[in-house]
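Chains, contacts and geometry: an overview
Residue strings, one per chain:
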Amino acid sequence: MRALLGVYDKTGIEPFARGLAELGWELVSTGGTFATIEKAGIPVRKVEDITGFPEMLDGRVKTLHPAVHGGILARRDLPAHMAALAQHNIAGIDLVCCNLYPFVATVTKPGGVAFEEGIENIDIGGPTMLRAAAKNHNDVIVVVDPADYDAVLGHLRDGGVSAETRRHLAWKAFAHTASYDSAVSEWLWGQAHPGEAPPSLTIPLRLAQQLRYGENPHQSAAFYTDGSLSEHGRGGIATAVQHHGKEMSYNNYLDADAAWNCVNDFTGPTCVIVKHTNPCGVATRDDLLEAYRLAVRGDATSAFGGIVAFNRVVDETLARELREFRNPNDGETRMFYEIVVAPGYTPEGLTVLKGKSKDLRILEAQPHAPGGRSFRQVGGGWLVQDTDDRTPEDIEFKVVTDRQPTEKELEDLRFAWRCVKHVKSNAITVAKDGRLLGMGSGQPNRVKSVEIAMEKAGDEVKGAVLASDAFFPFAWGDSIEKACQAGVAAIIHPGGSLRDQDGIDCCNQYGVAMVLTGTRHFRH
């Protein structure tokens, strides 16, 4: 039996080679792998010994030879194949162990790499051997993952590798080369057509967790991380570290992502509480502890059982407040949460927070870097768009009414605008003094969202500001006039309606300031 070993990642290759040799396998190897095995005192031949041809072109051609690929691809059950091997004096290769040049690690180096360096790290011989061995897996064992070395040796010691295991290893090899090729394709397209949508798109997804179920118990589900170059090192909930609590569920991931994206849109110390992907409590304060209290009080009923996110490190004092804070509705019930997510925790803070509940999921994450893509599935296809990264700092606020908003009102308008971006359309937020007082989300008509938001704000709506994710189609007797009559001091929305002037006239009549952004924040 003959094994061909050629790996870039040398992890575990020495004991694997030794195990094969002890079982009587003849070992053939290339370059650095040969040197590693020979140095360990394990009998091994160079691939040149079986090809009769030296490595050439700076190592670009090592194994691309009929003596190698004939030995891999020949079907042992076909006499014609075996006769062809005998005619050309080619011996069969019964195991291929190979992993590939570190293309992804190379092209994602900080500061980038020269085009030529990226090209030279595209493996050719490795994928070719892996694909050949995987195709002929009935006769050839293919090993691409060092984690499989011990298992393969165990099977060989027990009499052989089963057809089922061979098929699994073949799948693994094709999955590996497919992911590798997708990275090369993504990189080359970016080099040739930066910023353009490619005519075809392959996204390498890696199973991170088998979930108990999906949105509902009758739906099976899993969580995958995105291995695309465009997502490399960009942070986000997918790369969060879980320090404590029950395993994450499908809905947990959705809610945690919504809370984390929202809180990181704020520059000052902020707490965001999310329920069913909508922010129900948001507050910004220099004192993060006070921000948390205000966020809960924004809608304590919705906050119960929600997800709490902070954009600053959680210390012992804040953790103790999270553990002991009572529901403002009755002053007795401890607030219950599914998840707490933050950029970090002090050791003391983490210890205290773990004491709140054995089930509380405690996540540590890095902000998801701006500039990526957003994918959404529809029946038979996918929608792809740029992520909505715009913040108030990227937008020109245009005052269109006679009354100018005060500096304090402008600050509140910016706050409300950050909030409304993360609320499901039709989205309305009411805010004042750096805290969310009420929000209306997901209503088929904007009037109802306005009414819900103002109802939640209660008496505090007077002197507050109101934000809408899209323009108001009507003003008189509609959303804008209702807000003016309730005592709202300033309104912000994108504009763009045929009746924008009606809204301006209505605000002028009531002495309310209106600001247009020219940017819409639909969230479906």
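Keep in mind the model is a prediction, meaning the values are calculated, not measured. (Residues numbered from 1 in each chain as written. Predicted model: local features only at pLDDT ≥ 70, side-chain atom pairs only at ≥ 80, totals over all residues. Heavy atoms only, no water.)

In this structure the tally under the stated criterion is 28 salt bridges. Ionic pairing is found between Asp94 and Arg76, a salt bridge with its closest N-O pair at 3.1 Å. Taken together, the residues Asp94 in the loop between helix H5 (79–87) and strand S4 (95–98) and Arg76 in the loop between helix H4 (66–73) and H5 connect sequence positions 18 residues apart. One connected set of salt bridges, linked through shared partners, spans Arg323, Glu324, Arg326 and Arg334. (Salt bridge = Lys/Arg side-chain N within 4 Å of Asp/Glu carboxyl O. Helix = DSSP H or I, 4+ residues; strand = E, 2+ residues; numbered from the N terminus.)

Right, let's get into the environment of Val113. You can see Val113 is positioned in the loop between helix H6 (103–107) and helix H7 (115–120). By relative accessible area, Val113 is classed as partly exposed at 23%. With near-sequence residues (within four places) excluded, Val113 lies in contact with Thr106, Val107 and Gly118. (Buried < 20%, exposed > 50% of the residue type's maximum accessible area, 1.4 Å probe, protein only. Contact = heavy atoms within 4.5 Å.)

On to the environment of Gln404, then. Position of Gln404 relative to the elements: it lies in the loop between strand S16 (398–399) and helix H16 (407–420). For Gln404 and Ala513, which are 109 residues apart along the polypeptide, the C-alpha to C-alpha distance reads 5.8 Å.

One widely used convention gives an interface's size as the accessible area the parts lose upon coming together. Assigned domains of the protein: these are domain 1 (2–192), domain 2 (238–364) and domain 3 (393–516). One C-alpha centre belongs to domain 2, the other to domain 3, and the line joining them spans 27 Å. Between domain 2 and domain 3, the residue contacts involve 16 residues of the former and 15 residues of the latter. Across the interface of domain 2 and domain 3, roughly 1400 Å² is buried in total on both sides, 53% from carbon and sulfur atoms. At the boundary of domain 2 and domain 3, one finds 2 salt bridges. Lys421 is the salt-bridge partner of Asp265, the closest N and O atoms lying 2.8 Å from each other. Applying the counting rule to domain 2 against domain 3 returns 7 residue pairs in polar contact (both at pLDDT 80 or more). Of all the elements in the fold, those that place two or more residues in the side of domain 2 that touches domain 3 are helix H11 (250–263), strand S10 (278–284) and helix H12 (288–298). No other element matches S10, which puts 7 residues into the side of domain 2 that touches domain 3. By residue class, the composition of the side of domain 2 that touches domain 3 is 7 nonpolar, 6 polar and 3 charged. (Domains from an automatic or database assignment. Buried area = accessible area lost by both parts, 1.4 Å probe. Polar contact = N/O pair within 3.5 Å; in protein donor to acceptor, adjacent residues only side chain to side chain. Nonpolar A, V, L, I, M, F, W, Y, C, P; charged D, E, K, R; others polar.)

In this structure, Leu5, Phe16, Leu20, Leu27 and Leu95 are the most contacted members of the largest nonpolar core, which totals 51 residues. The dominant element in this core, judged by the number of residues it contributes, is helix H10 (residues 163–192), at 7 residues. When near neighbours in sequence (up to four residues on either side) are disregarded, Phe16 contacts Leu5, Leu95, Cys97, Val143, Tyr149, Val152 and Leu153. The next biggest cluster of nonpolar side chains, apart from the first, holds 42 residues, and it includes Phe397, Val465, Ala467 and Ile492. (Core = buried A, V, L, I, M, F, W, Y, C linked by side-chain atoms within 4.5 Å.)

Relative to each other, H12 and helix H14 (residues 316–324) sit at 20°, their axes nearing to 9 Å. Taken as axis vectors, H12 and H14 run roughly parallel relative to one another. Like other packed secondary-structure pairs, H12 and H14 cross with a definite hand, here right-handed. Where H12 abuts H14, its residues Leu288, Leu289, Tyr292 and Arg293 lie against Thr317, Leu318, Glu321 and Leu322. Its residues assigned to classes, the contact of H12 with H14 comprises 5 nonpolar, 1 polar and 2 charged. (Axes fitted to C-alpha atoms, helices over the stretch in contact; angles between N-to-C directions. Parallel < 35°, antiparallel > 145°, perpendicular 65-115°, else oblique. Left-handed = near helix turned anticlockwise from the far one by under 90°.)

Looking at chain direction, strand S14 (residues 373–378) and strand S15 (residues 381–386) are connected through 6 bridges and run antiparallel. Of the residues in S15, the one forming a bridge with Ser374 is Gln385. Counting the residues between successive antiparallel strands, the hairpin from S14 to S15 contains 2 residues, one of them, Gly380, with a positive phi of roughly 85°. (Pairing = 2+ DSSP bridges.)

Our focus in this paragraph is the sheet that holds strand S3 (residues 45–46). The sheet built from 5 strands is open, its strands ordered S3-S2-S1-S4-S5 with parallel pairing. Every other strand in the sheet has two partners, leaving S3 and strand S5 (141–143) as the edge strands with one partner each. Seen against the sheet, helix H9 (residues 149–157) touches S4 and S5 and runs at an angle of roughly 160° to S5.

Two elements in contact, H14 and helix H15 (residues 347–354), have axes separated by 7 Å at closest approach and are oriented at 10°. In terms of orientation, H14 lies roughly parallel with respect to H15. Between H14 and H15, the residues in contact are Glu316, Ala319, Arg320, Leu322 and Arg323 and Glu348, Gly349, Val352 and Leu353, respectively. Residue composition of the contact of H14 with H15, grouped by class: 4 nonpolar, 1 polar and 4 charged.

Here Ser425 and Asn426 are connected by a cis peptide whose omega angle stands at -5°. Along the chain, the position of Asn426 falls in the loop between H16 and strand S17 (428–432). In the Ramachandran plot, Asp433 falls in the positive-phi region, its phi being about 55° despite a non-glycine side chain. Within the secondary structure, Asp433 is located in the loop between S17 and strand S18 (435–440). In this structure Asp433 comes out as partly exposed when scored by relative accessible area, which is 34%.

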